[in-house]
Amino acid sequence: MKITLQPTAILLSTLILLGSCNSTKESIALRKADIEKSKEPTTACFIQLNDGTIKNYSSLKLITGLLKTPYLLADGKTKIMGKDIKAYQNKDHYAISQSNFTSGHKSYVATETLPGFAVRIAKGKINVYAKKYYNGVTAVDEYFVQKGEGGQILAYTTENMNMMVKDDEEALTFFVNKSYTTSKSRKELNQVPYNNTSRASTRNK
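For every chain, the first residue of its written sequence is number 1, and the numbers climb from 1 along that sequence. Only residues with pLDDT of 70 or above have their local features reported here, since the model is predicted, and side-chain atom pairs are shown and tallied only from 80 upward, although totals for entire chains, interfaces and linings are computed over all residues. Excluding hydrogens and water, the side-chain figures rest on all heavy atoms present in the structure.

**With respect to the overall build of the protein**
Basically, it comes down to this: Secondary structure elements follow DSSP: runs of H or I of four or more residues count as helices, runs of E of two or more count as strands, with numbering from the N terminus. We call two residues in contact whenever any of their non-hydrogen atoms come within 4.5 Å of each other. Throughout, the Shrake-Rupley method with a 1.4 Å probe supplies accessible areas, and for residues the shown protein chains are the sole cover considered.
Scanning the protein for helices and strands turns up 6 helices and 11 strands. A separation threshold of at least 6 residues defines the contact pool for the protein, and within that pool the share at least 24 residues apart is 50%. Accessible surface, the protein: about 11300 Å² in total, of which carbon and sulfur atoms supply 54%.

**Re the confidence of the model for the protein**
Applicable threshold: On a range of 0 to 100, pLDDT expresses the predictor's confidence in each residue.
For the protein, per-residue confidence averages 74 on the pLDDT scale, and 67% of positions sit at 70 or higher. The secondary structure element of the protein with the lowest average pLDDT is helix H6 (residues 198–204), at 34, and the one with the highest is strand S1 (residues 45–49), at 97. Contacts of residues 1–7 to residues separated by more than four positions or lying in other chains number 11 contacts, the stretch itself having pLDDT below 50.

**Let's talk about the sheet that holds strand S3 (residues 60–65)**
Quick note on the threshold: Two strands make a pair as long as DSSP finds a minimum of two bridges between them. Angles here are taken between N-to-C directions and fall from 0 to 180 degrees, while the axes themselves are lines fitted to C-alpha atoms, restricted in helices to the stretch in contact.
Taken in spatial order, the 3 strands of this open sheet run S3-S4-S5, and their pairing is antiparallel. At either margin of the open sheet sits one strand with a lone partner, and together these are S3 and strand S5 (78–80). Direction aside, neighbouring strands of the sheet carry axes that sit 35 degrees apart on average. Sheet topology note: the S3/strand S4 (residues 68–74) ladder contains 5 bridges and is antiparallel. Paired with Leu-60 across the bridge in S4 is Ala-74.

**Here we look at the sheet that holds strand S11 (residues 153–155)**
The strand order across the open sheet built from 8 strands is S2-S1-S6-S7-S8-S9-S10-S11, with neighbouring strands paired in antiparallel fashion. Across the chains shown, the open sheet's two edge strands, defined by having one partner strand only, are strand S2 (54–57) and S11. With direction set aside, neighbouring strand axes in the sheet form an average angle of 30 degrees. Pairing analysis gives 4 bridges linking S1 to strand S6 (residues 85–89), with the strands arranged antiparallel. Bridge assignment links Phe-46 to a residue of S6, and that residue is Gln-89. Each of strand S8 (117–122), strand S9 (126–134) and strand S10 (139–147) touches helix H2 (residues 25–37); the most contacted strand, S8, lies at about 95 degrees to it.

**Details of the pattern of salt bridges**
So the rule is basically this: Salt bridges are defined by distance alone: a side-chain nitrogen of Lys or Arg within 4 Å of a carboxyl oxygen of Asp or Glu.
Taken as a whole and assessed by the stated rule, the structure comprises 7 salt bridges. Among the charged side chains, a salt-bridge network with shared partners connects Arg-31, Glu-112, Lys-132 and Asp-141.

**Considerations on the side chain of Ser-38**
Selection rule: Exposure categories follow from relative accessible area, calculated using a 1.4 Å probe and restricted to protein chains: below 20% of the type maximum is buried, above 50% is exposed, and the middle band is partly exposed. Counted as a polar contact is a pair of N or O atoms within 3.5 Å, where, for protein atoms, one must be capable of donating a hydrogen and the other of accepting one, and residues adjacent in sequence contribute only when both atoms are in side chains.
Mapped onto the secondary structure, Ser-38 falls in the loop between H2 and S1. By relative accessible area, which is 0% here, Ser-38 ends up buried. In this structure the side chain of Ser-38 is engaged in a polar contact, spanning 2.7 Å, whose partner is the backbone oxygen of Asp-34. Within the structure, the side chain of Ser-38 is placed 3.1 Å from the backbone nitrogen of Ala-122, a separation counted as a polar contact.

**Considerations on H2**
Here is the rule we go by: By this rule, a helix spans an expected 1.5 Å times one less than how many residues it contains. Note: the arc covers the axis-to-C-beta directions of the helix.
For H2, with 13 residues, the first-to-last C-alpha span of 19 Å sits near the 18 Å given by 1.5 Å per residue. Considered for burial, the residues of H2 that qualify are Ser-27, Leu-30, Arg-31, Asp-34 and Ile-35. Down the axis of H2, the smallest arc covering the buried residues is 135 degrees, so these residues share one side. Facing away from the buried side of H2, by more than 90 degrees, are the exposed residues Lys-25, Lys-32 and Lys-37.

So this is what it looks like as structure tokens:
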């Protein structure tokens, strides 16, 4: 195995920094940009039903409110509940239901997406998802990783990352690059490039 404890330790520190720094304006902007890049290449909003059927819409808005179960409102008239879909994409992000995950906290937080859904923040050889859950004090991110489009979605751990990137050190470099830390730190980490969309899709063909 090429990946050793040292780079995976760096990766773990990076994701810890990601969570601890996500309140800054810079980290929020970087996260938003990565979410935008991680959407499916279509201008349409869509849902994927539990049976795999895709339905396209012109708009898809998250509706929340006091004493109201959050739902999606499609084209301003069609109400869609989270329990009926496995994934969706609106103008802001692509998100997938936690029912597709092998582990992790059960989430009921709807600060960014439907409760129980995770937003994709990286797309490529290894996809990364962030799911909000309440830790007793505030809503925090829990991270998940997936090798390829059809791979299992696993909780982020050093062991799981070792398994996924054992044959691809560039993939590990990509995660180190996504630190959401200060500009200086990010610049230093970006010295080793990894394109999470175009290069990944080209090499996967």
